[in-house]
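If you want the building blocks of each chain, they are given just below.
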Amino acid sequence: MTNIDYQKHYYPGSRDQLVAILADTLSDFRYQHVLRVEAKALELAQNFAVADLEKVSVAALVHDYAKERSDADFKAVIKAKHLDRNLMQWGNYVWHGLVGAEMIHDELAITDEDILNAVRYHTTGAAYMTIYDKLIFMADYIEDGRDFPGVDDCRTTTFADLDAGVAWQLKHTLGYLLAKQTPIHPQTVLTYNAFVANNK
Ligand SMILES: [Fe+2]
Ligand SMILES: [Fe+2]
């Protein structure tokens, strides 16, 4: 199932070629994670009868493409592309999605906005999420290598109701960030408001 034959040209090459680039670009730890996210995203996509599995596959495979890039790389792209200057105060956690999407566009020649948005919002979420945003957001969180208290409950919840899964993740992530007194990106708060606070 995982080995989807790419025919729609979201990526200008085969899945094998894309996977080979990721194997070269990423540490083995992250590469294995990316493959598990793809498997989980495809499982979820089939569970919710999403037709375009190729789009899901590409988005999942590239979601952490920029995760291991240097801070200097991200800052250079923020400047060169005149992205929101407020991005400068954040770090890898936010950059590898929001800025990583620009790198994926430029370096992998992926231009499909559904795919780029799924990458942009895979850590913070967004108040309005497409099915592709939600699939990648959740697959990243519950892929088979994840092991945190409640992960099985989150998996069951997500396969029963994708929005409930998004809410589950948001509640736990926000609680974790608050406990650590870590800065919380406004986009995460907007997502929380949309999926948790407004949905009780
Ligand atoms: Fe990520
Ligand atoms: Fe990830």
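As annotated in an unreviewed UniProt entry, the chain carries the name bis(5'-nucleosyl)-tetraphosphatase (symmetrical) and comes from Periweissella fabaria. Database annotation for the chain, UniProt heading Catalytic activity (unreviewed entry): "P(1),P(4)-bis(5'-adenosyl) tetraphosphate + H2O = 2 ADP + 2 H(+)".

Peer 1: Looking at this structure, how should I read the overall build of the chain?
Peer 2: The helix and strand inventory of the chain stands at eleven helices and zero strands. Mapped in sequence order, the helices and strands of the chain form the string α-α-α-α-α-α-α-α-α-α-α. Against the compact-globule benchmark of 16 Å for 200 residues, the chain has a radius of gyration of 16 Å, which places it among compact chains. For the C-alpha atoms alone, the extent of the chain along its principal axes is close to 45 × 40 × 30 Å. Counting all 200 residues of the chain, 49% fall into the buried class. In the chain, the share of contacts with a sequence separation of at least 24, taken over all contacts with a separation of at least 6, comes to 62%.

Peer 1: Help me understand the coordination of the iron ion (ligand 2), please; the structure alone is not making it clear to me.
Peer 2: Around a metal, the ideal angle is 109.5 degrees if four donors adopt a tetrahedral arrangement and 90 or 180 degrees if six donors adopt an octahedral arrangement. Looking at the metal site, the iron ion (ligand 2) is ligated by His-33 (NE2), His-63 (NE2), Asp-64 (OD) and Asp-140 (OD), spaced 2.2 to 2.3 Å from it. Metal-centred angles of 80 to 173° between the four donor atoms at the iron ion (ligand 2) mark the site as irregular. Residue His-63 is classed as buried on the basis of its relative accessible area, which comes to 0%. For Asp-64, a relative accessible area of 3% gives the class buried.

Peer 1: Whenever I open this one, the packing of aromatic side chains confuses me. Can you help?
Peer 2: To describe a pair of aromatic rings, one takes the distance between the centres and the angle between the planes. Within this structure, the stated rule accounts for four aromatic pairs. Aromatic side chains Tyr-141 and Phe-148 sit 4.8 Å apart centroid to centroid with 40° between the ring planes, which places their arrangement in the tilted category. Between the aromatic rings of Phe-148 and Trp-168, the centroid separation amounts to 6.2 Å while the plane-to-plane angle is 45°, which identifies the pairing as tilted. Taken together, the residues Phe-148 in the loop between α8 (131-142) and α9 (151-160) and Trp-168 in helix α10 (residues 162-180) connect sequence positions 20 residues apart. Accessibility expressed as a relative area gives 22% for Phe-148, which makes it partly exposed. In textbook terms, an aromatic cluster arises when at least three aromatic residues are bridged by ring pairs, as seen for Tyr-141, Phe-148 and Trp-168. Lying across the ring of Tyr-132, Lys-55 places its NZ or CZ 5.2 Å from the centre.

Peer 1: Any chance you could explain α10 here in plain terms?
Peer 2: Residues spaced three or four apart along an α-helix face the same direction, because each turn holds 3.6 residues. Look at α10: 27 Å from first C-alpha to last across 19 residues, which is about the 27 Å you get at 1.5 Å a residue. Listing the buried residues of α10 in full gives Leu-162, Gly-165, Val-166, Ala-167, Trp-168, Gln-169, Leu-170, Thr-173, Leu-174 and Leu-177. On its buried side, α10 packs onto α5 (92-98), α8, α9 and α11 (186-195). Residue Asp-161 occupies the N-cap position of α10, its side-chain oxygen lying 3.1 Å from the main-chain nitrogen of Asp-163. After α10 finishes, the residue Gln-181 shows a positive phi value of roughly 55°.

Peer 1: Would you mind showing me how to read the coordination of the iron ion (ligand 1) here?
Peer 2: Note on the iron ion (ligand 1): its protein donors are Asp-64 (OD), His-96 (NE2) and His-122 (NE2). The metal-donor distances range over 2.1 Å. The two metals, the iron ion (ligand 1) and the iron ion (ligand 2), are separated by 3.5 Å and share Asp-64 as a common coordinating residue. With Asp-64 in the loop between α3 (53-62) and α4 (71-80) and His-122 in the loop between α7 (113-120) and α8, the pair connects residues that are 58 residues apart, well separated along the chain. Accessibility assignment for this pair places Asp-64 and His-122 in one class, buried.

What counts, and at which threshold
- Counting starts from 1 at the beginning of each chain's written sequence and moves along it residue by residue.
- Both sets of labels track the order of writing: A upward for chains, 1 upward for ligands.
- It should be noted that, the model being predicted, local features are given only for residues of pLDDT at least 70 and side-chain atom pairs only at 80 or more, the latter also being counted only at that level, while totals for whole chains, interfaces and linings use all residues.
- Hydrogens are left out, water is left out, and the side-chain values use all remaining heavy atoms of the structure.
- UniProt positions are given in the numbering used here, feature names are shortened, and annotations may be inferred rather than shown by experiment.
- Here a strand is any run of E in DSSP of at least two residues, a helix any run of H or I of at least four, and the numbering for each starts at the N terminus.
- In this description the radius of gyration comes from C-alpha coordinates, and the expected globular size is given by 2.2 Å times residues to the power 0.38.
- Accessible area is worked out with a 1.4 Å probe on protein chains only. A residue is then buried under 20% of its type maximum, exposed over 50%, and partly exposed in between.
- Residues count as neighbours in contact if any of their non-hydrogen atoms are within 4.5 Å of one another.
- Here a donor is any nitrogen, oxygen or sulfur atom (N, O, S) within 2.8 Å of the metal, with 3.2 Å used for Na, K and Ca; water is not among the atoms considered, so some sites may look incomplete.
- For a four-donor site, all angles between 85 and 135 degrees give tetrahedral; for four or six donors, opposite pairs above 155 degrees with the remaining angles between 65 and 115 give square planar or octahedral; all remaining cases count as irregular.
- Here a pair means two rings of Phe, Tyr or Trp (six-membered ring of Trp) with centres within 6.5 Å. Their orientation is stacked below 30 degrees between planes, edge-to-face above 60, and tilted elsewhere.
- Charge over a ring is defined by NZ of Lys or CZ of Arg lying within 6 Å of the ring centre and within 35 degrees of the ring normal.
- Helix span is expected to be 1.5 Å times the residue number reduced by one.
- N or O atoms within 3.5 Å of each other form a polar contact, as long as, within protein, one can give a hydrogen and the other can take it, and as long as residues adjacent in sequence are counted only when both atoms are side-chain atoms.

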